[in-house]
Amino acid sequence: MADQPTTFKPFIAPESKMKEFTFKSVILGSIFGILFGAANVYLALKAGLTVSASIPIAVIAITLGQRVFKTTILENNIIQTTGSAGESIASGVVFTLPGFIFLSTANASKFFEYGVIFILAIFGGMLGTLMMIPLRRSLIVKEHANLPYPEGTACAAVLKAGEKGGAFAKTAFLGLGFATVYAVLQRLFRIIAETPLYDTVKNKVVNSFYPSAQLSADITPEYMGVGYIIGARITGVLVAGGILSWLVFNPLLASLVSPDNIALQQVKLGFLADIHTAGGYGGWDPVTHTFASPADAIYRAYIRQIGAGAVAMGGFITLIKTIPTIISSFKESVRSVKEKGTQSTLRTERDLNIKVVLFGTLALILLIALLPIIPGNNIFSKLLIGVLIVIFGAFFVTVSSRIVGIIGTTNNPISGMTIATIMSTCLLFVAVGATGSVYEPMALVVGGMVCIAAANAGATSQDLKTGYLVGSTPKFQQLGLFIGAIVSSFAIGFTIKILDTPTVEQAAAGIHHAIGSSFPAPQATLMATLIKGILGGQLDWNFVIAGAALALVVELCGVKALSFAIGVYLPISTTLPIFIGGAIRGLVQSVRKKRGDVINEQEEELGRGSLFATGLVAGGALLGVIFALLSRVPSIATAMENMSLEKGLTGFLGEGGYMVLGVVFFALMGFVLYRVAMNKKKLE
């Protein structure tokens, strides 16, 4: 292992002089960072899931870069490195910062504004990249033979194949085109129903013995694509949690709890002004004392709290299980850094100076202390926040960077690390007597920035592995990551605020934030739940503890509790279409296994099915953001409504027939995905 750095030869020799850190590579990377950052914001808010952007960006960079902009392989690597920063920062931001909305007091939500999101996103991204600079040599170079960094290795394979004439992008663009057409038909012309739904309330006979059960699906391209990428096993666990909530808990609670008590619970949670006022989730009618949709009413009043408790316990279990890995990873990383090596003058061994790390970290602490928009009572409390961020950040950046080298970015237990940070911060506050709602935003800032830093560090280490394999200059990659963090943060903050803007209907119902309504944001809800529970004590502990016990039971049965818990928390309309995408991948794998195909994990990652699914995710999510933005403009929303064919189709086919038509289109998309994945022709 000791002589690995001297024996390894990258694809592009260190002595080679080739265009790398150029204006066009940085601009293209920044554009991709904005696009994939926005797409991941949408996915994370809707489904609590994100997808890696490095491989799709590398695929697109090959096509656009080589054929249009005449870029080199090293420029293509800078493109994907700069662009991938947006994806990782988006996940860190969305998993924590919307928690401002869910804290104990309405005053906390004032921090959920563009300036705060933008600053914290940049600072967190910078921190993750800064702390990876001294770790690169120890983790990427010295541990080259021991840490495979799966996404980074796959990305390098794409870049090298493209240099040899690879044609990966065609399939990804095919998926992107299919998703675009599908999304236009669905969201603009309304030919395809968005959420086909069956509710037993509509059938008096069935509802008499199985009340308020509901089955629905948001039949969108991005959900099918995400499901295919994740695979059958995880999506099966996700949908199992949804089935428990919507087909077990809902009918059970509808049988035991009166509509009046459900309405009182919504009043307690702030969803209803009082039981004499119409509105709230599920459409409460004070005259008839009924809900238009009892399933939605019960879900908001009880099941989401049970789900939040389950997610909290699932995250805690994940943390406990990864503590040995966290400790060993930290020890080995520190040991590697301490080992002195000779200073190399090779192009492929040039990092940014360590002074950048030291002064950059000090600057972040000072800026956090001095900026008035950061939560905190005074400069000293903000200095404490800054110090805690750096301490926890240094630890979990190190851990995250090593863990993803073994299990990949997709499986990085970021939620567990964030939970540990938030719990430690809150307990520290409690120890010094700093309890109450005023300290809740401060704890969330610490957790949020550490989450962003750890997520970005995991993606950064994959990018540096790619650069090591293809022969890039590390300091140029690090500069690209800094630029990507800044540029993508503009778009991430803007996208979150746009998606959080309530629709006309939501505003009329007194809903001030679309996040928490149209967008569940499960991880952010979890972080807020933990903070309120420790610092404020303002929780319906009976439901939260019941959810925690449920997660424990599932874990004892050998099922990953966190995935199941997220399924319990999310609407089944989210988890069901994701499961269908996963089931298609499971079917493809089963059929190919029967016919004797031998495919390793990396080949499958770069296969036609995965690339087509990536296109579905990118196209569907980006169109989702675009149409969400357009629908917030009243004049455009009216024009879009006039272009809708939903009324005509519903009148002709009936409501049930219209929904069946949507299911047929979704099935057609699934069939196309299956056929593309089963194509025997090798990408070359």
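Since the structure is predicted, the reported quantities are computational estimates derived from the model, not experimental observations. (Residues numbered from 1 in each chain as written. Predicted model: local features only at pLDDT ≥ 70, side-chain atom pairs only at ≥ 80, totals over all residues. Heavy atoms only, no water.)

(A) Quick look at empty space enclosed by the protein. This structure, assessed with the given rule, holds 2 cavities of 30 Å³ or more. In this structure, the largest cavity encloses a volume near 40 Å³. If you trace the largest cavity, you find it lined by Arg136, Thr348, Leu464, Gly467, Tyr468, Ser472, Pro474 and Gln477. Each residue belonging to the lining of the largest cavity can be placed in one class, and the counts come to 3 nonpolar, 4 polar and 1 charged. Of the voids in this model, the second largest cavity is the one considered here, and its volume is about 30 Å³. Around the second largest cavity, the lining residues are Ser52, Ser54, Glu87, Glu151, Thr409, Ala459 and Gln462. (1 Å grid on protein atoms, 1.4 Å probe; cavity = no way out; pocket = protein on both sides within 12 Å on 5 of 7 lines; lining within 4 Å. Points joined across faces, edges and corners; volume = space filled by probe spheres on them. Nonpolar A, V, L, I, M, F, W, Y, C, P; charged D, E, K, R; others polar.)

(B) A look at the pattern of salt bridges. All chains considered together, the criterion is met by 8 salt bridges. A salt bridge links Glu222 to Arg187; the shortest N-O distance between them is 2.9 Å. With Glu222 in helix H11 (residues 221-230) and Arg187 in helix H9 (residues 169-188), this pair connects stretches of sequence that are 35 residues apart. There is no split in this pair, since Glu222 and Arg187 are both buried. Arg190 serves as the salt-bridge partner of Glu194, at 2.8 Å between the closest nitrogen and oxygen. Judged by its relative accessible area of 28%, Glu194 falls in the partly exposed class. Residues joined in a network through salt bridges with shared partners are Arg136, Arg137, Glu349 and Asp351. (Salt bridge = Lys/Arg side-chain N within 4 Å of Asp/Glu carboxyl O. Helix = DSSP H or I, 4+ residues; strand = E, 2+ residues; numbered from the N terminus. Buried < 20%, exposed > 50% of the residue type's maximum accessible area, 1.4 Å probe, protein only.)

(C) Region of the structure containing helix H6 (residues 114-132). Taking 1.5 Å per residue, 19 residues should reach 27 Å; H6 reaches 27 Å between its end C-alpha atoms and fits that length. In terms of burial, H6 is a largely internal element, 18 of the 19 residues being buried. With a side-chain oxygen positioned 3.1 Å from the backbone nitrogen of Gly115, the residue opening H6 is Glu113. (Expected span 1.5 Å × (residues − 1). Polar contact = N/O pair within 3.5 Å; in protein donor to acceptor, adjacent residues only side chain to side chain.)

(D) Inspection of the packing of H11 against helix H24 (residues 572-594) at higher detail. Look at H11 against H24: their axes get within 7 Å of each other, and the N-to-C directions meet at 50°. Taken together, the axes of H11 and H24 lie oblique to each other. For the crossing formed where H11 meets H24, the hand is right-handed. On H24, the residues that touch Tyr223, Met224, Gly227, Tyr228 and Ile229 of H11 are Ser573, Thr574, Pro577, Ile578, Ile580, Gly581, Gly582, Ile584, Arg585 and Val588. Split into classes, the residues belonging to the contact of H11 with H24 amount to 9 nonpolar, 5 polar and 1 charged. (Axes fitted to C-alpha atoms, helices over the stretch in contact; angles between N-to-C directions. Parallel < 35°, antiparallel > 145°, perpendicular 65-115°, else oblique. Left-handed = near helix turned anticlockwise from the far one by under 90°. Contact = heavy atoms within 4.5 Å.)

(E) How the structure looks around the side chain of Thr418. One can find Thr418 in helix H17 (residues 414-431). Each residue touching Thr418, except ones within four places of it in the same chain, is listed here: Thr96, Gly447, Cys451 and Met527.

(F) Up close: the nonpolar core. If you look at the biggest cluster of nonpolar residues, it comprises 135 residues, and the most contacted ones within it are Val93, Phe100, Ile496 and Ile515. Per-element accounting of this core gives the leading share, 17 residues, to helix H18 (residues 440-470). Setting aside residues up to four positions removed in sequence, Ile496 forms contacts with Val41, Val93, Val94, Phe112, Ile117 and Ile515. The next biggest cluster of nonpolar side chains, apart from the first, holds 25 residues, and it includes Phe249, Leu272, Ala297 and Ile298. (Core = buried A, V, L, I, M, F, W, Y, C linked by side-chain atoms within 4.5 Å.)

(G) The packing of aromatic side chains, seen in detail. Going through the model one piece at a time under the given rule, you end up with 12 aromatic pairs. Seen from their ring centres, Trp246 and Tyr299 are 4.8 Å apart, and the 35° between their planes marks the pair as tilted. Note that Trp246 is positioned in helix H12 (residues 232-256) and Tyr299 in helix H14 (residues 294-338), a separation of 53 residues in sequence. For the residue pair Trp246 and Tyr299, the accessibility class agrees, reading buried in each case. A centroid spacing of 6.0 Å and a plane angle of 55° characterise the contact between Phe429 and Tyr439, whose relative ring orientation is tilted. Here Phe429 is found in helix H17, whereas its partner Tyr439 is found in the loop between H17 and H18, with 10 residues between them in sequence. (Phe/Tyr/Trp six-rings, centres within 6.5 Å; stacked < 30°, edge-to-face > 60°.)

What is shown is where atoms sit, not what they do.
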